[in-house]
Amino acid sequence: MNIVNFIKNWTLPVSIGTGIGVYLIFALIPALDGFATKAEPVFETLLPVFMFCVLFVTFCKVDFRKMRPVAWHWWVAVFQVLCVLAVMASILALGLHGSALVLAEALLTCIISPCASAAPVVTQKLGGNLEEMTTYTFLSNFITALLIPICFPMIDKAADIHFFEAFALILYKVFTVLVVPMILAYIVKHYAKNICQRIISIKDLSYYLWGCSLLIVSGTTMKNILHADTSITFLLIIAVSSLALCLFQFGCGRAIGSQFNQTINAGQALGQKNTAFAIWIASTYLSPLSSVGPGCYILWQNIINSWEIWEAQKTVKLGK
């Protein structure tokens with residue numbers, strides 16, 4: 001029982017550690033190479049399935065009548081756009097190239113990426129507003145779909161990216177990841193209420209499903225870091241920079257949210273990023289090495305999430 005309670009209380013760190021540990025085992029033991037090669041496409045298929053299930057379960061709890069934009073949404077969105085413009089201005093004005101450009105790209109992908117699809121799950125655990133967080137997740141994805149086709153060709157003139165093509169591709173990904181599970185949840189919630197109640201009755205189901213997806217992502221992140229074609233020193237610089245950025249975004253989000261009595265929501269909205277998406281855009285349109293930035297960011301943001309959840313649970317226990 002102590003082990004079960006430990007896993008329940010520290011689900012995110014356990015998922016991260018297990019994902020990294022399992023990958024290292026397969027990476028360091030030559031006899032397991034064959035199995036690892038065959039298992040890789042299986043895990044790549046499982047990840048979107050887990051994310052779909054996470055959002056479906058979460059949306060079953062959403063009151064769709066309360067989903068509408070509110071004031072803090074716009075302030076967080078404007079702040080994100082200003083940060084993107086600041087990084088872009090630095091790259092262009094200073095004429096960055098080489099390692100400096102890779103570092104700037106790594107940070108840019110962590111800023112320009114949308115709010116994480118799983119952010120509503122954490123927000124709910126922390127006692128935030130599920131409907132407002134879900135609404136911002138859609139708004140954030142739309143902003144990202146506008147910014148990327150504009151910004152990336154300025155950085156890499158050879159980037160094969162056209163505005164409407166990239167915009168449509170990103171919206172397609174948003175539709176499959178966010179809209180489809182929401183439509184299915186809406187149907188179940190209104191036309192299969194018994195099934196919906198059974199899903200809702202399983203405490204923290206979406207949270208533990210997210211833990212499973214985080215396990216897979218952590219292993220993939222460690223793979224990207226170990227296979228990065230650069231020095232350990234530069235990897236550490238990217239890791240530390242992404243940590244500083246992660247703390248900055250969470251802190252600024254909470255500061256903005258405090259003005260609207262929505263500290264939790266705004267903090268998660270600005271700080272918790274869709275890092276899997278960030279890794280994809282970095283690998284596709286920028287230097288592949290820049291994907292290490294969001295790869296490290298996913299570890300930092302989930303350590304912060306773990307600490308926030310632990311603090312929230314401790315507060316609840318003290319209040320009883």
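Refer to the structure above for everything that follows.
Counting restarts for each chain, with residues numbered from 1 along the sequence as it is written. Local features in this predicted model are restricted to residues of pLDDT 70 or higher, and side-chain atom pairs are both shown and tallied only at a pLDDT of 80 or more, whereas totals for entire chains, interfaces and linings draw on every residue. Here the side-chain values reflect all heavy atoms present in the structure, with hydrogen atoms and water set aside.

It is worth spelling out helix 4 (residues 71–94) at this point. Counting from the N terminus, the helices are DSSP H or I runs at least four residues long and the strands are E runs at least two residues long. Every helix has an expected span of 1.5 Å times one less than the residues it contains. With 24 residues, helix 4 ought to run about 34 Å at 1.5 Å a step, and its terminal C-alpha atoms sit 35 Å apart, in line with that. For helix 4, the set of buried residues is Trp72, His73, Val76, Ala77, Gln80, Cys83, Val84, Val87, Met88 and Ile91. If you follow the buried residues of helix 4, they end up packed against helix 5 (98–112), helix 7 (130–155), helix 11 (232–258) and helix 12 (263–271). Of the residues one or two after helix 4, Gly95 is the one with positive phi, at around 60°. The buried label applies to any residue whose accessible area, calculated with a 1.4 Å probe on protein chains only, is under 20% of its type's maximum; exposed applies above 50%, and partly exposed to all values in between. Here a residue-residue contact requires only that any non-hydrogen atoms of the pair lie within 4.5 Å.

The next thing to look at is a nonpolar patch on the surface. Grouping into patches uses exposed residues only, defined as over 30% relative accessible area, and leaves out salt-bridged ones; the cut-off is 9 Å for like charges and 5 Å for nonpolar side chains (Val, Leu, Ile, Met, Phe, Trp, Tyr). Where accessible areas are quoted, they stem from the Shrake-Rupley method and a 1.4 Å probe; at the residue level, only the protein chains shown are allowed to cover. Criterion for a salt bridge: a side-chain nitrogen of Lys or Arg within 4 Å of a carboxyl oxygen of Asp or Glu. There is a patch of nonpolar side chains on the surface, built from Phe175, Val180, Ile183, Tyr186, Ile187 and Tyr191 and spanning about 600 Å² of accessible area. Considering the arrangement of structural elements, one finds Ile183 in helix 8 (residues 163–191). The exposure class assigned to Ile183 is partly exposed, which follows from its relative accessible area of 44%.

Here is a general trend for soluble globular proteins: nonpolar side chains tend to be buried in one another's company. We define the nonpolar core as a collection of buried residues of types Ala, Val, Leu, Ile, Met, Phe, Trp, Tyr and Cys that are connected through side-chain atoms lying within 4.5 Å of one another. Val76, Val84, Ile112, Tyr136, Phe152 and Ile155 are the most contacted members of the largest nonpolar core, which has 40 residues in total. Residue assignment for this core shows that the elements contributing at least two residues are helix 4, helix 5, helix 7, helix 11, helix 12, helix 13 (275–285) and helix 14 (292–319). If you tally residues by element for this core, the top one is helix 7, at nine residues. Core analysis: the next-biggest nonpolar cluster, separate from the first, contains 34 residues, Val121, Met182, Ala185 and Tyr207 among them.

This part is about the pattern of salt bridges. Applying the stated criterion across every chain yields a total of two salt bridges. Residue Asp63 pairs with Arg65 through a salt bridge whose shortest N-O separation is 3.2 Å. The partner of Arg254 in a salt bridge is Glu308, with the nearest N and O atoms 3.5 Å apart. One end of the pair, Arg254, is in helix 11; the other, Glu308, is in helix 14, and 54 residues separate them in sequence. Given the relative accessible area of 34%, Arg254 is considered partly exposed.

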